[in-house]
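Residue strings, one per chain:
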Amino acid sequence: MSKVQTTYVATGEGDQRLDRWFKRRFPHVKQGQIEKMCRKGEIRVEGGRVKSSTRVEDGQQVRIPPLPDPNQVDDRPRDISPSDIKLIQGCVIFKDDDVIVLNKPAGLPTQGGSKQTRHVDGLAEALKFGYDEKPRLVHRLDKDTSGVLVLARTRLAAKKLTEAFRHRNTEKIYWALVAGVPLPKLGSVKYGLVKMPGHGRKGENEKMRCVHPREVDSVEGAKRAHTDYTVLTSLADRTAWLALTPITGRTHQLRAHMGEIGHPIIGDGKYGGSQQENLGDGWGAGMGEEVGRKLHLHARSLRIEHPTTGKDLFIKASLPPHMTHSWELFGWAEDHAPDNPFEGLL
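Residues numbered from 1 in each chain as written. Predicted model: local features only at pLDDT ≥ 70, side-chain atom pairs only at ≥ 80, totals over all residues. Heavy atoms only, no water.

Looking up the protein in an unreviewed UniProt entry gives the name Pseudouridine synthase, with the organism given as Pseudooctadecabacter jejudonensis. UniProt, in its Function (unreviewed entry) section for the protein, records the words "Responsible for synthesis of pseudouridine from uracil." Under the UniProt heading Sequence similarities (unreviewed entry), the entry covering the protein gives this text: "Belongs to the pseudouridine synthase RluA family." (UniProt positions renumbered as here; feature names shortened; annotations may be inferred.)

Okay, here's the thing in structure tokens:
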């Protein structure tokens, strides 16, 4: 083990996530170890506690705790099975010299974490396509959300794309199947969001609670959130196909907002319960075995400036199998919806 050391972010190393900076300096340290050291306060930036996602800047002081000897660590990359190589390469829907875009399957985490050993970031080793380094994640989707996921093939592309996501210079459209039919059929949800207290097997520490806009400033940790939605079509009053666009980008924002207005996304047990019946206080997220219990939330399209050419890059992803099944059951088709159903409406 090494000793505690203090180092600095060198010129040109700044404006990137702490975990990425750390792995370039200490490649033998795994992502899970970095996250654990951050949670325990062992890694500090300018003397303060940080998360693995905290962005570091040139010249900042970083406290490095004792690290394992790289000569005693088996840092050989894990073999990726042929089936996983086929899976992740089959998800590619766009590729050029700077960018790779995936249609991420539902159920595949974007990054590793507690008990998550199979994820996009790990499988990205199979997406080098002749490059020395694997492509970098520049944003993320929830494990059970499918659809457009962007990776950068170079560090410069990663920096520009990350800035675009951070400053909301993107146009993101999600599709969802929700319980009931929201009224009005075109609207906005502006409840703030705050992480619920508590820990445990049910993951309450990962659940968000909605806060009325008037109370956001008085609730510690609450952040303002804004989602626009429009009903594309519906099946009587039982369910609706929604287009959603997150104006802000908070954790579980779309799921929490839809649950709060009484129209949870189908298959969302965390924010919508499990019942289909409307008992007067909103619909439940269950639709029976025919539709299934998988989350019906899909990142349908993304419009963003290409990091090198500066031209408009528009990508859309087809529905995952479980949502395709539901759409066929209800007699809907993907081409029934315009690319941007909000254009000229909001």
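### Some words on the sheet that holds strand E4 (residues 48-49)
Reading across the sheet, the 4 strands line up as E1-E6-E3-E4 and stay open at both edges, with antiparallel pairing between neighbours. Looking at which strands have only one partner, the edges of the open sheet turn out to be strand E1 (5-8) and E4. As defined by bridge partners, strand E3 (residues 44-45) adjoins strand E6 (residues 61-64) across 2 bridges and the pair is classed as antiparallel. Residue pairing across strands places Val45 opposite Val62, the latter belonging to E6. Of the strands in this sheet, E1, E3 and E6 touch helix H1 (residues 18-25), which is tilted by about 110 degrees from E1. (Pairing = 2+ DSSP bridges. Helix = DSSP H or I, 4+ residues; strand = E, 2+ residues; numbered from the N terminus. Contact = heavy atoms within 4.5 Å. Axes fitted to C-alpha atoms, helices over the stretch in contact; angles between N-to-C directions.)

### Points about the UniProt feature "active site" (unreviewed entry) in the protein
As recorded in UniProt, the sites labelled "active site" (unreviewed entry) are Asp142. Within the secondary structure, Asp142 is located in the loop between strand E9 (136-137) and strand E10 (146-152). Its relative accessible area of 24% is what places Asp142 among the partly exposed residues. Ignoring anything within four residues of it in the chain, the contact list for Asp142 reads Lys104, His252 and Arg255. (Buried < 20%, exposed > 50% of the residue type's maximum accessible area, 1.4 Å probe, protein only.)

### Concerning the pairing of E10
Counting buried positions along E10 yields 7 of 7 residues, so the element is predominantly enclosed. Examined bridge by bridge, strand E8 (residues 99-104) and E10 share 6 bridges and lie antiparallel to one another. Of the residues in E10, the one forming a bridge with Ile100 is Leu151. By the bridge criterion, 2 bridges tie E10 to strand E17 (residues 297-305) in an arrangement that is parallel. From the neighbouring strand, Gly147 faces E17, where its bridge partner is Ala299.

### Considering the environment of Gly122
Mapped onto the fold, Gly122 is located in helix H4 (residues 120-123). C-alpha of Gly122 to C-alpha of Gly112: the two residues are 10 residues apart in sequence and 7.7 Å apart in space.

### A short note on a positive patch on the surface
A cluster of like positive charges, contributed by Lys51, Arg168, Lys195, Lys223 and Arg250, occupies part of the molecular surface. Mapped onto the secondary structure, Lys195 falls in strand E13 (residues 192-195). By relative accessible area, which is 51% here, Lys195 ends up exposed. (Patch = residues over 30% accessible without salt bridge, like charges linked within 9 Å, V, L, I, M, F, W, Y side chains within 5 Å. Areas by Shrake-Rupley, 256 points an atom, 1.4 Å probe, with all protein chains shown as cover. Salt bridge = Lys/Arg side-chain N within 4 Å of Asp/Glu carboxyl O. Lys, Arg positive; Asp, Glu negative; His and termini not counted. Charge placed at Lys NZ, Arg CZ, Asp CG, Glu CD.)

### Some words on the packing of H1 against helix H2 (residues 31-39)
Two numbers describe how H1 lies on H2: the axes approach to 10 Å, and their chain directions differ by 120 degrees. By the angle between their directions, the pair H1 and H2 is classed as oblique. By crossing handedness, the relation of H1 to H2 is classed as right-handed. Residues Leu18, Asp19, Phe22 and Lys23 of H1 pack against Gln31, Ile34, Met37 and Cys38 of H2. Along the lines of polarity and charge, the residues of the contact of H1 with H2 split into 5 nonpolar, 1 polar and 2 charged. (Parallel < 35°, antiparallel > 145°, perpendicular 65-115°, else oblique. Left-handed = near helix turned anticlockwise from the far one by under 90°. Nonpolar A, V, L, I, M, F, W, Y, C, P; charged D, E, K, R; others polar.)

### What about the packing of aromatic side chains?
Within this structure, the stated rule accounts for 7 aromatic pairs. Between Phe22 and Phe26, the aromatic rings sit 4.9 Å apart at their centres with planes inclined by 45 degrees, giving tilted as the arrangement. The buried category is assigned to Phe22, whose relative accessible area is 0%. The exposure class of Phe26 is buried, given its relative accessible area of 13%. An aromatic cluster is present here, built from Trp175, Trp241, Trp327, Phe330 and Trp332 joined pairwise through their rings. When the ring centre of Phe129 is taken as origin, the NZ or CZ atom of Lys95, which lies over that ring, is 5.0 Å away. It is Arg153 that lies over the ring of Tyr131; its NZ or CZ is 3.8 Å from the centre. (Phe/Tyr/Trp six-rings, centres within 6.5 Å; stacked < 30°, edge-to-face > 60°. Lys NZ or Arg CZ within 6 Å of the ring centre and 35° of its normal.)

### Observations concerning helix H6 (residues 253-260)
Of all 8 residues in H6, 6 are buried, a share of seventy percent or more. Taken residue by residue, H6 has Gln253, Leu254, Arg255, Ala256, His257 and Met258 as its buried positions. Downstream of H6 by one or two residues, Gly262 has phi in the positive range, about 85 degrees.

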